[in-house]
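# Close look at the chain arrangement
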Amino acid sequence: MQDDMMKDGQSCSSHGGGCCKCMHHKVPVVMVLLIGLLFLAKGLGWVADSTVDVAWPALVILAAASKLGGSKCKCC
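Worth saying up front: this structure is predicted, and the values here are computed from it rather than measured.

### A closer look at a nonpolar patch on the surface
- Taken together, the side chains of Val30, Leu33, Leu34, Leu37, Leu40, Leu44 and Trp46 define a hydrophobic patch exposed on the protein surface, amounting to about 720 Å² of accessible area.
- Look at Leu37 and you get partly exposed, because its relative accessible area is 46%.

Following this line, the structure appears as structure tokens:
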């Protein structure tokens with residue numbers, strides 16, 4: 001697998017990876033975090049079960065839609 005290259009010629013993997021600043025690469029991570037927080041809030045009794053039952057599929061759909069609708073960046 002070929003390493004992504006930064007402007008100075010160094011590979012992203014030599015910097016610990018994650019050197020791309022494109023927001024659409026962060027969408028899956030943010031969605032997993034939000035879904036996890038949603039289930040934690042449900043477990044702690046902060047939100048109703050019915051709210052979680054509707055919210056988590058909506059977050060997954062939003063994440064998929066943002067990935068499909070997003071434009072390609074230089075790293076893609």
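### Some words on the nonpolar core
- Val27, Met31, Ile35, Leu38, Val52, Leu59 and Ala63 form the largest nonpolar core, which has seven residues in total.
- In terms of residue count, helix H1 (residues 27-43) provides more of this core than any other element does, four residues in total.
- Sequence-distant contacts of Val52, that is, excluding residues within four places in its chain, are made with Leu38, Phe39, Lys42, Val47 and Pro57.

### Quick notes on the packing of aromatic side chains
- The full count for this structure, using the stated rule, is one aromatic pair.
- On the numbers, 6.4 Å between centres and 45 degrees between planes, the contact of Phe39 with Trp56 is tilted. Of the two residues, Phe39 sits in helix H1 while Trp56 sits in helix H2 (residues 49-69), which places them 17 residues apart along the sequence.
- The exposure class assigned to Phe39 is partly exposed, which follows from its relative accessible area of 37%.
- Overall, the relative accessible area of 38% leaves Trp56 in the partly exposed class.

### A word on the environment of Val47
- Along the chain, the position of Val47 falls in the loop between H1 and H2.
- Beyond its immediate sequence surroundings of up to four residues, Val47 is in contact with Leu38, Ala41, Lys42 and Val52.

### Focus: H1
- Between the first and last C-alpha of H1 there are 24 Å, a value that for 17 residues agrees with the 24 Å anticipated at 1.5 Å per step.
- Among all positions in H1, only Val27, Met31, Ile35, Leu38 and Ala41 are buried. Taken end-on, H1 shows its buried residues confined to a sector of 125 degrees, consistent with a single buried face. In H1, the exposed residues that point more than 90 degrees away from the buried face are Val29, Val32, Leu33 and Gly43.
- After H1 finishes, the residue Gly45 shows a positive phi value of roughly 80 degrees.

### A few points about the confidence of the model for the protein
- Here the protein averages 75 in pLDDT, while 68% of its residues score no lower than 70.
- Segment residues 1-6 is flagged for pLDDT under 50; beyond a separation of four residues in sequence, or across chains, it makes 12 contacts in the model.

Rules of the game
Residues numbered from 1 in each chain as written. Predicted model: local features only at pLDDT ≥ 70, side-chain atom pairs only at ≥ 80, totals over all residues. Heavy atoms only, no water. Patch = residues over 30% accessible without salt bridge, like charges linked within 9 Å, V, L, I, M, F, W, Y side chains within 5 Å. Areas by Shrake-Rupley, 256 points an atom, 1.4 Å probe, with all protein chains shown as cover. Salt bridge = Lys/Arg side-chain N within 4 Å of Asp/Glu carboxyl O. Buried < 20%, exposed > 50% of the residue type's maximum accessible area, 1.4 Å probe, protein only. Core = buried A, V, L, I, M, F, W, Y, C linked by side-chain atoms within 4.5 Å. Helix = DSSP H or I, 4+ residues; strand = E, 2+ residues; numbered from the N terminus. Contact = heavy atoms within 4.5 Å. Phe/Tyr/Trp six-rings, centres within 6.5 Å; stacked < 30°, edge-to-face > 60°. Expected span 1.5 Å × (residues − 1). Arc of directions from axis to C-beta. pLDDT = per-residue confidence, 0-100.

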